[in-house]
Amino acid sequence: MADRVTVIGWDGSPLTAAARAALGAATLVAGAAHHLELPEVPAGAERIRLGSVALAARRVAGHRGTAVVLADGDPGFFGVVRTLRAPEFGLEVEVVPAVSSVAAAFARAGMPWDDAHVVVAHPRTLRRAVNVCRAHTKVAVLTSPGAGPAELGLLMEGVHRTFVICEELGTAREQVSVVTSDRAADHTWRDPNVVIVAGGQATTASGGWIAGRDPAAGPRGWTLPADAYGGGLGEGEREPLRVSQLARLGPRLGDLVWDIGCGSGAFAVEAARAGAAVIAVDSDPRACAHTDSTARRHGVQLQVVHGTAPQVLEDLPEPDVVRVGGGGAAVVLAVADRRPQRIVTHAATRDAAERIGRELTEHGYRVECALLQSVELDTKAWTETERSVAFLLSGVLPTRTT
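Predicted, not measured: the structure shown is a model, and the values here were computed from it.

Thresholds applied
Residues numbered from 1 in each chain as written. Predicted model: local features only at pLDDT ≥ 70, side-chain atom pairs only at ≥ 80, totals over all residues. Heavy atoms only, no water. Helix = DSSP H or I, 4+ residues; strand = E, 2+ residues; numbered from the N terminus. Buried < 20%, exposed > 50% of the residue type's maximum accessible area, 1.4 Å probe, protein only. Contact = heavy atoms within 4.5 Å. Areas by Shrake-Rupley, 256 points an atom, 1.4 Å probe, with all protein chains shown as cover. Lys, Arg positive; Asp, Glu negative; His and termini not counted. Charge placed at Lys NZ, Arg CZ, Asp CG, Glu CD. Axes fitted to C-alpha atoms, helices over the stretch in contact; angles between N-to-C directions. Parallel < 35°, antiparallel > 145°, perpendicular 65-115°, else oblique. Left-handed = near helix turned anticlockwise from the far one by under 90°. Nonpolar A, V, L, I, M, F, W, Y, C, P; charged D, E, K, R; others polar. Pairing = 2+ DSSP bridges.

## Quick notes on the overall build of the chain
And then number 1: From N to C terminus, the chain includes 12 helices and 17 strands.
And then number 2: By principal-axis analysis of the C-alpha atoms, the chain measures approximately 85 × 45 × 40 Å.
And then number 3: When each of the 402 residues of the chain is scored for burial, the buried share is 48%.
And then number 4: Sequence separation of 24 or more characterises 61% of the internal contacts of the chain that already satisfy a separation of 6 or more.
And then number 5: Summing over all exposed atoms, the chain offers an accessible surface of approximately 19,300 Å²; the carbon and sulfur share of this is 52%.
And then number 6: One finds the centroid of the 40 positive side-chain charges in the chain at a distance of 3 Å from the centroid of its 45 negative side-chain charges.

See below:
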């Protein structure tokens, strides 16, 4: 095992005295090509060009001498330190940090970033990164080949955002560009780059107490009372049913939720309050306008699509979880064909519930059904004011991670 392993972050500025001393004593240096060209790298040191960090870590672990690993930005922030410290390599490291590429990007843009989300986009995580950008007003995206600014822009169709694209930060080729999300695919961008995705309705102009989205920014509770939505909620939007639907779907950060037959927007807003990206669909333009107004009033980001399901669903991006508030079995089946992890809907009669349940089962979903009855009481006279009954159905794909 290496006698000593030092991880040095590099942000383009001159190396610190501690970094120069560690490099001067190194018998093995690992890093990207531009790191290995630094004049401080000893001429006689073994050099490893970083491709797979795991392979480099194995080489470092087997080295007899003093090793240095060079990395861009802060190596402890989505960087190599996590891999080097993994149990299979047994490495204890000393870290000489630098300014992270995210901090540098926001500095170039002249923006605060304590209220930003930070996501990593690889081809396998790109869709989830896009969902975070859909749902939140300020996101920094650490990109990778195949999951860069162009791909982000293409997948954000229908949602307007501003991209601040920072290429090759800290180098002589550094460039900062500002484009709208719909124009990002018109350019070829150099790696590595960081994309600041900003826009939508900001919820606060003042600093908070926690980085990212403040979980206490809105009122408590999974759901809000009917008067928060202006009253007039449909049969399928009342609070007991909404609570059960949210519990069955469990929308979360990185998810894309479809709310089909969004009505007043009550469910869509509450899914967005949970941090998910939401597309709210309704055939009634008044419902679409009400949903958009409700979202603005509660300070959440969502996309409203006017159209009739199932036809309008064909061009929408792939969902993770779906609430079907209207359209019946035909819409549920069209949704099931898109294979979301979870589907929730309700039916007014047992026959309708059985039909939907059978169809979901045939599509490979594990189906649960409950008869929900709620009675609202006037607590002054303790008399019944309203009663509702509905069959709540949910389908879960057992073969997918939920």
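From this point, the narrative continues.
## Considerations on the packing of helix α8 (residues 239-249) against helix α9 (residues 266-273)
And then number 1: At their nearest, the axes of α8 and α9 sit 11 Å apart, and the two run at 45° to each other. As judged from the angle between their axes, α8 and α9 are oblique. The two elements α8 and α9 meet at a crossing, and its hand is right-handed. Facing R242, Q245, L246 and L249 of α8, the residues of α9 in contact are A266, F267, E270 and A271.
And then number 2: Partitioning the contact of α8 with α9 into residue classes produces five nonpolar, one polar and two charged.

## Digging into the sheet that holds strand β7 (residues 138-142)
And then number 1: In space, the five strands of this open sheet follow the order β6-β7-β10-β8-β9, with mixed pairing throughout. Each edge of the open sheet is held by one strand with a lone partner, namely β6 (117-120) and β9 (175-180). Each strand of the sheet is rotated relative to its neighbour by a mean of 20°, with strand direction disregarded.
And then number 2: Strands in contact with helix α6 (residues 126-135) are β6, β7 and β10 (193-198); relative to β6, the strand with the most contacts, it is inclined by about 160°.

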